[in-house]
Amino acid sequence: MENLVNIFVRSTFIDNMIFAYFLGMCSYLAVSKTVKTSAGLGVAVAFVLVITVPVNYLVDNFLLKPAALTWLLGDRAAGIDLGYLSFIIFIAIVAAVVQLLEMIVEKFTPALYNQLGIFLPLIAVNCAIMGASLFMQERDYASVGEATAFGLGSGVGWLLAIIGIAAIREKLAYSNVPAPLRGVGITFIITGLMAISFMSFLGISL
Amino acid sequence: MTLFSSKNGQLLLGPLSKNNAILVQILGICSALAVTAKMEPALVMGISVTVVTALSSVLLSLIRDIVPTRVRIIVQLVIVSMLVIIIDQLLKAFAYDVSKQLSVFVGLIITNCIIMGRIEAFALANRPWPSLLDGIGNGLGYALILLIVAFFRELLGSGTLFGVPVIPDLFYRWGYSNNGLMILPPMALILVGIVIWVHRAKNKDLIEQQ
């Protein structure tokens, strides 16, 4: 249990998707103009991450890893390594989960669906989602619980980051920014400063 | 239509500055910044993205009339991931060290917004040859920004370029030292912000209205 909390805290603050790896920057920059829409997108991204990371973890461990097919084929599977297929299978699962989520949300909560409408399909090509699955594969988590904690932590970290920048940008509308920096330029620099402040979490040893 | 008319030249050269994917359209930042701590991975990443963008634009432009609109996203993802798998395997075979440094970011080329953006915005409405030029141009524009950011980060952060020391020993003896902050992730964001600032100060028409 302690281990799961460690992974959650680490992926939320120390290895934050935006501030440490710049993943999901495109929608982060495009959508962060108001807090309300950013919170909606952030929750959707976190939700997709919580589902796709464990699903991809199971697929990776029971289909793709070297000799992972032993449970199905016995000893004959020892030489089979489908690792090179992981990109295409991960992206297919992400796209399928996003599609499924879109249909479920439309069916059961039409109000939320209308609010998120345009952002939902875009989540499929959000780098943070694909990136989390690839990091999960690289870091080789020990159980599906750890993978879920990592997915949840990454999602919450992304949500924090986008709400933070949206709140700053709402205030920034009243400031006198140098003309060539207006809009995207100043957002980059503020994100950089936020990333420096997040680096203070590096001192925490877990 | 000749192969190198001025219109086609514009497709190739426009994205290098006036229509740059990173600076102007704000696409493809996701996988861009993490690989810019050193010149070498930045160069490899730039070349890989250029190849994938160019080839995927051509392939999708060739089949644009036979793919139904409803399933086009899936078709695009499959073709792009196929190309990225090929690149990944090539890197693992011939440039293993760089491939280890780039780690997950090779896989993230699939979700690079530049590629999907150029396919959606250009290749699906144009013939293969202009699509190829457009893909190469946008890939090179992306590589250019990566190299500019990586140049400053490696020079100021490690005192090297492509791993070769360029700051003379004398400087270090006089008290110069490398700026460790440059290697850390936040400086990549701030440097891109500064590049955007300089670029927009030169091209006044790109400045955003308040």
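Before going into details, it helps to say that this report is about the structure given with it. (Residues numbered from 1 in each chain as written. Chains lettered and ligands numbered in written order. Predicted model: local features only at pLDDT ≥ 70, side-chain atom pairs only at ≥ 80, totals over all residues. Heavy atoms only, no water.)

What about the nonpolar core?
Item 1. Counting 114 residues, the largest nonpolar core has Tyr28 and Phe188 of chain A as the members making the most contacts within it.
Item 2. Per-element tally for this core: the top contributor is helix H6 (residues 86-108) of chain A, with 10 residues.
Item 3. Ignoring any residue separated from it by four or fewer positions in sequence, one finds Phe188 of chain A in contact with Met25 and Leu29 of chain A together with Ile29, Leu33, Leu189, Val192, Gly193 and Ile196 of chain B. (Core = buried A, V, L, I, M, F, W, Y, C linked by side-chain atoms within 4.5 Å. Buried < 20%, exposed > 50% of the residue type's maximum accessible area, 1.4 Å probe, protein only. Helix = DSSP H or I, 4+ residues; strand = E, 2+ residues; numbered from the N terminus. Contact = heavy atoms within 4.5 Å.)

Let's talk about the pattern of salt bridges
Item 1. In total, this model carries 4 salt bridges over all chains according to the counting rule given.
Item 2. Of the charged contacts, one joins Asp15 of chain A and Arg10 of chain A as a salt bridge, the two residues approaching to 3.8 Å between their closest N and O atoms.
Item 3. For Arg10 of chain A, a relative accessible area of 34% puts it in the partly exposed group.
Item 4. Across the pair Asp88 of chain B and Lys92 of chain B runs a salt bridge, and its minimum N-O distance is 3.3 Å. Taken together, the residues Asp88 of chain B and Lys92 of chain B, both in helix H3 (residues 72-94) and 4 residues apart, mark about one turn of the helix.
Item 5. What makes Asp88 of chain B buried here is its relative accessible area of 8%. (Salt bridge = Lys/Arg side-chain N within 4 Å of Asp/Glu carboxyl O.)

Here we look at the packing of aromatic side chains
All names here are of chain A.
Item 1. Scanning all chains against the criterion turns up 10 aromatic pairs over all chains.
Item 2. Ring centres 4.5 Å apart and planes at 50° place the aromatic pair Tyr21 and Phe135 in the tilted group. Of this pair, Tyr21 sits in helix H2 (residues 17-21) while Phe135 sits in helix H9 (residues 127-139); the two residues are 114 residues apart in sequence, bridging distant segments of the chain.
Item 3. Taken together, the ring pairs connect Phe13, Phe19, Phe198 and Phe201 into an aromatic cluster. (Phe/Tyr/Trp six-rings, centres within 6.5 Å; stacked < 30°, edge-to-face > 60°.)

A few points about the interface of chain B and chain A
Item 1. Taken together, the contact between chain B and chain A spans 39 residues of the former and 40 residues of the latter.
Item 2. Summed over the shared surface of chain B and chain A, the result is 0 salt bridges.
Item 3. Those elements giving two or more residues to the side of chain B that touches chain A turn out to be H3, helix H5 (104-107), helix H6 (113-121) and helix H9 (185-202) of chain B.
Item 4. If one sorts the elements of the side of chain B that touches chain A by residue count, H9 of chain B sits on top with 11 residues.

Details of the packing of helix H2 (residues 39-62) of chain B against H3 of chain B
Residues and elements named next belong to chain B.
Item 1. Running from amino to carboxyl end, H2 crosses H3 at an angle of 145°, the nearest separation of the two axes being 10 Å. Both H2 and H3 take part in a crossing whose hand is right-handed. Packed against H2, whose contacting residues are Val44, Ser48, Val51, Val52, Leu55, Ser56, Leu59 and Leu60, the element H3 presents Val75, Gln76, Ile79, Val80, Met82, Leu83, Val84, Ile87 and Leu91 at the interface.
Item 2. By residue class, the composition of the contact of H2 with H3 is 14 nonpolar, 3 polar and no charged. (Axes fitted to C-alpha atoms, helices over the stretch in contact; angles between N-to-C directions. Left-handed = near helix turned anticlockwise from the far one by under 90°. Nonpolar A, V, L, I, M, F, W, Y, C, P; charged D, E, K, R; others polar.)

Quick look at the environment of Ser158 of chain B
All names here are of chain B.
Item 1. Along the chain, Ser158 falls in helix H7 (residues 128-158).
Item 2. Spatially, the C-alpha atoms of Ser158 and Ala37 are 9.1 Å apart, while their sequence positions differ by 121 residues.
Item 3. Ser158 has contacts with Lys38, Arg153, Tyr172, Asn178 and Ile183, leaving out every residue within four places of it along the chain.

Some thoughts on helix H11 (residues 184-198) of chain A
Item 1. With 15 residues, H11 of chain A should cover 21 Å at 1.5 Å per step; its first-to-last C-alpha distance of 21 Å lies within 8% of that length.
Item 2. Burial within H11 of chain A is extensive, with 12 of its 15 residues counted as buried.
Item 3. Those residues of H11 of chain A lying buried are Val184, Gly185, Ile186, Thr187, Phe188, Ile189, Ile190, Thr191, Gly192, Met194, Ala195 and Phe198 of chain A.
Item 4. Those residues of H11 of chain A that are buried lie in contact with helix H1 (2-14), H2, helix H3 (25-31) and helix H10 (144-172) of chain A together with H9 of chain B. (Expected span 1.5 Å × (residues − 1).)

A word on the packing of H10 of chain A against H11 of chain A
All names here are of chain A.
Item 1. Across the interface, H10 lies against H11 with an axial gap of 11 Å and an inter-helix angle of 130°. Compared by their axis directions, H10 and H11 come out oblique. In this structure, H10 meets H11 at a crossing whose hand is right-handed. Side by side, H10 and H11 meet where Ala161, Gly164, Ile165, Ile168, Arg169 and Leu172 of the first sit next to Ile186, Thr187, Ile190, Thr191 and Met194 of the second.
Item 2. Partitioning the contact of H10 with H11 into residue classes produces 7 nonpolar, 3 polar and 1 charged. (Parallel < 35°, antiparallel > 145°, perpendicular 65-115°, else oblique.)

Purely geometric numbers; function is a separate question.
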